[in-house]
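Coordinates in review
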Protein chains: 2
Amino acid sequence: MIRHIDAELQGLKDLALQMGDSVEKALDQACKSVLAQNKEKCSVEVREHESRINDLQMLIDESCVNVLAKQAPVAKDLRLVIAITKINTDLERMGDQSVNIVRNACDLYSAWPQATLPSQLTEMIDAVRLMVRSALDAFSRRDVELSNKVLAQDDQVDDLRDALFSEMKEKMKAGSDQVEIGLAFIMIGKNLERMADHATNIAEEVIYLATGNDVRHGHNVSVNS
Amino acid sequence: MIRHIDAELQGLKDLALQMGDSVEKALDQACKSVLAQNKEKCSVEVREHESRINDLQMLIDESCVNVLAKQAPVAKDLRLVIAITKINTDLERMGDQSVNIVRNACDLYSAWPQATLPSQLTEMIDAVRLMVRSALDAFSRRDVELSNKVLAQDDQVDDLRDALFSEMKEKMKAGSDQVEIGLAFIMIGKNLERMADHATNIAEEVIYLATGNDVRHGHNVSVNS
């Protein structure tokens with residue numbers, strides 16, 4: 001039997017995945033601005049995606065409240081609505097981080113067009129894109145195995161960030177003309193690290209959704225389904 | 001007539017305020033580690049508060065789901081539960097930032113005990129503490145006026161961060177021995193800026209709670225109460 005609430009829950013999930021799609025597009029353009037110095041075009045496109053992300057955030061929050069008020073969901077249905085409320089917040093922040101990346105890249109390359117991209121940042125970009133893609137796929141399919149992979153990838157991103165910071169500090173110490181450049185790459189690294197943290201939050205929500213286990217803070221609390 | 005749900009909602013609110021109290025204590029100790037170089041003691045205390053914050057986060061999330069499942073709240077009651085779910089996430093992140101501040105301060109002063117605290121960072125600490133205090137007071141009393149003050153204070157914190165960054169960059173350019181110190185103060189500034197962002201999120205939630213207006217992204221969407 002198809003319940004009326006199923007259509008509403010599917011509608012919420014579709015909205016969250018639409019928002020996820022916009023986040024991926026914003027991140028892609030932001031990374032392009034870092035990798036290819038494609039400044040103006042990327043900046044405009046990221047801001048367009050971010051505007052759509054912000055609109056979707058408000059629509060999803062309103063829709064979640066409506067489903068809760070009208071359908072009074074329980075058990076797994078309720079967990080889905082709560083998870084979407086939280087994933088919604090993470091996705092919106094990922095939009096903000098995409099804007100921060102493109103802003104930092106534009107400032108950097110406008111002043112120093114010849115700045116050389118550190119290899120750790122290229123690796124971070126690949127890793128974070130994969131994490132975001134995987135977290136959204138995991139949400140779409142309630143895939144616990146893929147969610148666990150996202151959690152493991154976060155450690156790799158943290159290692160890359162540490163390696164980036166070390167190399168940039170050495171460059172900054174070697175010459176005062178490298179201070180602004182090194183700092184800009186460090187800031188872009190921080191932005192990417194935060195994108196990865198949000199992808200991790202989404203993966204944790206998917207595990208909660210699929211299993212009822214709260215894996216945050218290393219805990220493993222089961223709830224009734 | 002006192003409704004059964006009122007006691008449950010008050011219980012949720014009390015838990016959130018307890019968590020807010022732990023966040024303030026963690027922030028106080030973190031700031032002390034920056035201002036007074038009181039490293040070891042502060043570090044232990046911040047971690048104790050953060051552990052309590054993490055436990056409360058999981059308890060509050062579980063309690064919110066229980067209230068939604070058992071009481072099926074609507075209108076203002078539902079808005080309160082959703083607001084607490086979101087404020088809960090912000091408070092947990094504020095605990096993380098307190099740990100980051102104390103970690104950055106310990107690393108800095110262990111290597112460079114004579115590092116001179118920039119005046120902008122002292123001002124940021126005062127401003128962010130006030131914002132956190134005000135956001136929690138505003139939540140406790142559903143105070144829209146105070147929430148709006150928090151939103152305005154966030155701009156001041158951003159200005160102080162910009163001034164801090166400028167001064168640190170100049171110092172780092174002036175001597176390679178200032179690179180690590182300047183970068184550590186910049187990172188502490190970033191941590192404080194994020195604390196302020198979370199306080200701003202809480203203030204926005206309070207406005208939504210009290211008025212039904214969603215003031216995020218400069219919008220002003222009314223919902224039915």
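Residues numbered from 1 in each chain as written. Chains lettered and ligands numbered in written order. Predicted model: local features only at pLDDT ≥ 70, side-chain atom pairs only at ≥ 80, totals over all residues. Heavy atoms only, no water.

1. A word on the overall build of chain A
Looking only at helices and strands, one finds six helices and two strands in chain A. Relative to the compact-globule value of 17 Å for 225 residues, chain A shows a C-alpha radius of gyration of 19 Å, a close match. Overall, chain A is about 70 × 35 × 20 Å in size when its C-alpha atoms are taken along their principal axes. By residue count, 57% of the 225 residues in chain A fall in the buried class. With the model as given, the accessible surface of chain A reaches about 9,200 Å², and the carbon-plus-sulfur share is 47%. Of the charged side chains in chain A, 26 are positive and 37 negative, and the gap between their average positions amounts to 2 Å. (Helix = DSSP H or I, 4+ residues; strand = E, 2+ residues; numbered from the N terminus. Rg over C-alpha atoms; globule rule 2.2 N^0.38 Å. Buried < 20%, exposed > 50% of the residue type's maximum accessible area, 1.4 Å probe, protein only. Areas by Shrake-Rupley, 256 points an atom, 1.4 Å probe, with all protein chains shown as cover. Lys, Arg positive; Asp, Glu negative; His and termini not counted. Charge placed at Lys NZ, Arg CZ, Asp CG, Glu CD.)

2. Concerning the interface of chain A and chain B
Counting residues at the interface gives 38 residues for chain A, matched by 38 residues for chain B. It is M58(A), K173(A) and H217(A) that lose the most area in chain A upon contact with chain B, and together they represent 16% of the buried surface on that side. Put simply, chain A and chain B have eight salt bridges between them. Viewed at the interface, chain B and chain A are joined by 12 residue pairs in polar contact (both at pLDDT 80 or more). Residue assignment for the side of chain A that touches chain B shows that the elements contributing at least two residues are α2 (39-71), α3 (75-111), α5 (144-174) and α6 (179-211) of chain A. Taken together, the residues of the side of chain A that touches chain B sort by class into 17 nonpolar, seven polar and 14 charged. (Contact = heavy atoms within 4.5 Å. Buried area = accessible area lost by both parts, 1.4 Å probe. Salt bridge = Lys/Arg side-chain N within 4 Å of Asp/Glu carboxyl O. Polar contact = N/O pair within 3.5 Å; in protein donor to acceptor, adjacent residues only side chain to side chain. Nonpolar A, V, L, I, M, F, W, Y, C, P; charged D, E, K, R; others polar.)

3. Concerning the packing of aromatic side chains
Enumeration according to the criterion identifies zero aromatic pairs over all chains in this entry. Over the face of the ring belonging to F139(B) we find K13(B), whose NZ or CZ atom lies 5.9 Å from the ring centre. (Phe/Tyr/Trp six-rings, centres within 6.5 Å; stacked < 30°, edge-to-face > 60°. Lys NZ or Arg CZ within 6 Å of the ring centre and 35° of its normal.)

4. Remarks on the environment of I82(A)
Within the secondary structure, I82(A) is located in helix α3. Its relative accessible area of 5% is what places I82(A) among the buried residues. Those residues in contact with I82(A), other than ones at most four positions away along the chain, are V65(B) and L68(B).

5. Quick look at empty space enclosed by the protein
In total, this model carries one cavity of 30 Å³ or more according to the counting rule given. Roughly 40 Å³ of volume is contained in the largest cavity. Taken together, L68(A), A72(A), P73(A), L78(A), L68(B), A72(B), P73(B) and L78(B) make up the lining of the largest cavity. Split into classes, the residues belonging to the lining of the largest cavity amount to eight nonpolar, no polar and no charged. (1 Å grid on protein atoms, 1.4 Å probe; cavity = no way out; pocket = protein on both sides within 12 Å on 5 of 7 lines; lining within 4 Å. Points joined across faces, edges and corners; volume = space filled by probe spheres on them.)

6. Things to note about the packing of helix α1 (residues 4-35) of chain B against helix α3 (residues 75-111) of chain B
Residues and elements named next belong to chain B. In the contact formed by α1 and α3, the axes pass within 9 Å of each other and the chain directions differ by 15 degrees. Considered as vectors, α1 and α3 are oriented roughly parallel to each other. Where α1 crosses over α3, the handedness of that crossing is left-handed. Across the contact of α1 with α3, the residue classes break down as 19 nonpolar, four polar and three charged. (Axes fitted to C-alpha atoms, helices over the stretch in contact; angles between N-to-C directions. Parallel < 35°, antiparallel > 145°, perpendicular 65-115°, else oblique. Left-handed = near helix turned anticlockwise from the far one by under 90°.)

7. So, the relation of the copies chain A and chain B
For the pair chain A and chain B, the superposition axis carries a translation of 0.0 Å, the fit reaches an RMSD of 0.0 Å, and the rotation angle comes to 180 degrees. Taken together, the turn and the small shift mark the pair as related by a two-fold rotation axis. No C-alpha of chain A lies nearer the rotation axis than that of A72(A), which sits 2.7 Å from it. Looking at the interface residues of chain A, 100% of them are also at the interface in chain B, so both copies use one shared face. (Least-squares fit on C-alpha atoms with pLDDT ≥ 70 in both.)

8. Focus: helix α1 (residues 4-35) of chain A
The first and last C-alpha atoms of α1(A) sit 47 Å apart over 32 residues, in line with the 46 Å expected at 1.5 Å per residue. At the exit of α1(A) stands Q37(A), carrying a positive phi of roughly 55 degrees. (Expected span 1.5 Å × (residues − 1).)

9. A word on the nonpolar core
Ranked by size, the top nonpolar core spans 146 residues in total, and within it F185(A), L192(A), F185(B) and L192(B) carry the most contacts. Excluding its chain neighbours within four sequence positions, the residues that come into contact with L192(B) are L27(B), I101(B), L121(B), M124(B), I125(B) and V128(B). (Core = buried A, V, L, I, M, F, W, Y, C linked by side-chain atoms within 4.5 Å.)

10. Some remarks on the side chain of K86(A)
Tracing the backbone through its elements, the reader meets K86(A) in helix α3. On the accessibility criterion, K86(A) (11% relative accessible area) is buried. Those residues in contact with K86(A) that sit more than four places away from it in its chain are E205(A), R216(A), D61(B) and T85(B).

11. Re the confidence of the model for chain A
All names here are of chain A. Of all residues in chain A, 96% attain a pLDDT of 70 or more, and the chain-wide mean is 94. Averaged pLDDT values for the elements of chain A fall to 45 in strand β2 (residues 221-222) and rise to 98 in helix α4 (residues 119-141). Predicted confidence for residues 221-225 stays below pLDDT 50, and this span has 15 contacts to residues more than four positions away or in other chains. (pLDDT = per-residue confidence, 0-100.)

12. A closer look at unusual backbone geometry
Not every positive phi belongs to a glycine, and A75(A) is a case in point at roughly 50 degrees. Looking at the secondary structure, you find A75(A) in helix α3.

13. Focus on helix α6 (residues 179-211) of chain B
All names here are of chain B. Compared with the 48 Å implied by 1.5 Å per residue over 33 residues, the 48 Å span of α6 between its first and last C-alpha is a close match. Here α6 lies mainly inside the structure; 30 of its 33 residues are buried. Backbone geometry just downstream of α6 places G212 in the positive-phi region, at approximately 80 degrees.

14. Considering the pattern of salt bridges
The final tally for this structure, using the stated rule, is 36 salt bridges over all chains. Across the salt bridge formed by D61(A) and K86(B), the nearest N and O atoms sit 2.4 Å from each other. Within this pair, whereas D61(A) is found in helix α2, its partner K86(B) is found in helix α3, the two belonging to separate chains. The residues D61(A) and K86(B) share a single accessibility class, namely buried.

15. Quick look at the environment of K76(A)
Residue and element names in this part refer to chain A. Mapped onto the secondary structure, K76 falls in helix α3. Residue K76 is classed as partly exposed on the basis of its relative accessible area, which comes to 44%. Note: C-alpha distance between K76 and G212 (136 residues apart in sequence) is 8.5 Å.

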